[in-house]
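Chain by chain, the residues run as shown.
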Amino acid sequence: MSDAMLRLTAVRKAYNHGKPGEITVLKDAGIEVAKGEVVALVAPSGAGKSTLLHIAGLLDTPDSGLVQIADTEMSALSDKRRTEARRRDIGFIYQFHHLLPEFTALENIVLPQLANGVSQADARGRAMGLLEQVGVAGRAQHRPAAMSGGEQQRVAFCRALANSPRLLLADEPTGNLDPATSDQVFGALMTLVRATGLSALIATHNMQLAARMDRMVRLVDGTLQPA
Ligand code: ADP
């Protein structure tokens, strides 16, 4: 057993294979995120951050290379087993919250747990605990439209962690917020991540936020380099 939660080795991904517009987004991308480590993924827009996160999160497959989550090589698994691993082990956060508009904050965090076989009472208890940790327990009964952008995103963090994943992948998680709110909401995310001890790979343009993580890597010309 290594202490890596996520390991990508020599990952390659191109779009429009063999056609005039072929672009190679990832050339020889490698990264390791240790258990409990929080790594910033820094790159300009269009560099391939979303592509990399989707491959790490088993939403997309590389053309070649290895994707290992907690020592299991994922490309060797069937689609069904990969989907199971994704649901069990990985939490996602996007720039936009993607909460279900017709449900309350609490229900948005309860529903993925019910889908995972957790009882209604346990799911509600866990959801309230998570909302408290990010400082929005008072918004539990509000629907997304009745919350501020920062509050919506805090709820989205709770939903991503609802089923206790081992790895968190985030794509510009505070990118939609104004700088002051972004700073506070990022602080709430870090509190939650540290409290649960999970590993995280968090893409950001914001160097101040990147500096608050354990380590930074840059995506440059299809490869990952220490920053
Ligand atoms: P980032 O998240 O850093 O902005 P992306 O991973 O979204 O970058 O995209 C990297 C490059 O790959 C861009 O040039 C984008 O246009 C291209 N790309 C992404 N997805 C596809 C796709 N499904 N088909 C063709 N090109 C794509």
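Refer to the preceding data block for the structure.
Given the structure is predicted, the values throughout are model-derived calculations rather than measurements. (Residues numbered from 1 in each chain as written. Predicted model: local features only at pLDDT ≥ 70, side-chain atom pairs only at ≥ 80, totals over all residues. Heavy atoms only, no water.)

Enquirer: How should I be thinking about the overall build of the protein chain in this particular structure?
Expert: Looking only at helices and strands, the protein chain has seven helices and ten strands in total. Since a compact globule built from 227 residues should have a radius of gyration of about 17 Å, the 18 Å found for the protein chain is in line with a globular shape. Based on the C-alpha atoms only, the size of the protein chain along its principal axes is roughly 50 × 40 × 35 Å. Taking the intrachain contacts of the protein chain between residues at least 6 apart in sequence as the baseline, contacts between residues at least 24 apart amount to 72%. Carbon and sulfur atoms make up 51% of the accessible area of the protein chain, which amounts to about 10400 Å² in all. Across the protein chain, the centroid of the 24 positively charged side chains sits 2 Å from that of the 23 negatively charged ones. (Helix = DSSP H or I, 4+ residues; strand = E, 2+ residues; numbered from the N terminus. Rg over C-alpha atoms; globule rule 2.2 N^0.38 Å. Contact = heavy atoms within 4.5 Å. Areas by Shrake-Rupley, 256 points an atom, 1.4 Å probe, with all protein chains shown as cover. Lys, Arg positive; Asp, Glu negative; His and termini not counted. Charge placed at Lys NZ, Arg CZ, Asp CG, Glu CD.)

Enquirer: Would you mind going over the environment of Asp122 with me for this structure?
Expert: Note on placement: Asp122 falls in helix H4 (residues 120-133). The exposed category is assigned to Asp122, whose relative accessible area is 53%. Along the primary structure Asp122 and Lys80 are separated by 42 residues, whereas in three dimensions their C-alpha atoms are 27 Å apart. (Buried < 20%, exposed > 50% of the residue type's maximum accessible area, 1.4 Å probe, protein only.)

Enquirer: Would you mind showing me how to read the site of the ligand here?
Expert: In the vicinity of the ligand, the contacting residues are Tyr15, Ile23, Val25, Pro44, Ser45, Gly46, Ala47, Gly48, Lys49, Ser50 and Thr51. Within the side chain of Ser50, one N or O atom sits 2.7 Å away from an oxygen atom of the ligand. Compared with its free state, where it exposes 560 Å², the ligand has 58% of that area covered by protein. Elements represented by at least two residues in the shell around the ligand include exactly strand E2 (23-34) and helix H1 (49-56). In terms of residue count, the dominant contributor to the shell around the ligand is H1 (three residues). (Near = heavy atom within 4 Å. Polar contact = N/O pair within 3.5 Å; in protein donor to acceptor, adjacent residues only side chain to side chain.)

Enquirer: What's the story with the packing of aromatic side chains in this structure? I'm lost.
Expert: What describes a pair of aromatic rings is the distance from one ring centre to the other and the angle between the planes of the rings. Overall, the coordinates contain one aromatic pair when judged by the stated rule. For the ring pair Phe92 and Tyr94, a centre distance of 5.7 Å and an interplane angle of 5° mean the geometry is stacked. (Phe/Tyr/Trp six-rings, centres within 6.5 Å; stacked < 30°, edge-to-face > 60°.)

Enquirer: I tried to follow the side chain of Gln152 on my own but got confused; where do I start?
Expert: As for its placement among the helices and strands, Gln152 is situated in helix H5 (residues 149-161). Residue Gln152 is classed as buried on the basis of its relative accessible area of 15%. Ignoring sequence-local partners within four residues, the contact set of Gln152 consists of His97, Leu99, Pro144, Ala145 and Met147.

Enquirer: Mind showing me how you'd approach the pairing of strand E3 (residues 38-42) here?
Expert: Along any regular strand, the residues point their side chains to alternate faces of the sheet. Of all five residues that make up E3, five are buried, and the element is covered over most of its length. Here E3 pairs with strand E8 (residues 199-204) via five bridges, running parallel. Directly across from Val38, in E8, lies its bridge partner Ala200. Pairing of E3 with strand E9 (residues 215-220) involves four bridges; the strand directions are parallel. By the bridge assignment for E9, Val42 is matched with Arg218. (Pairing = 2+ DSSP bridges.)

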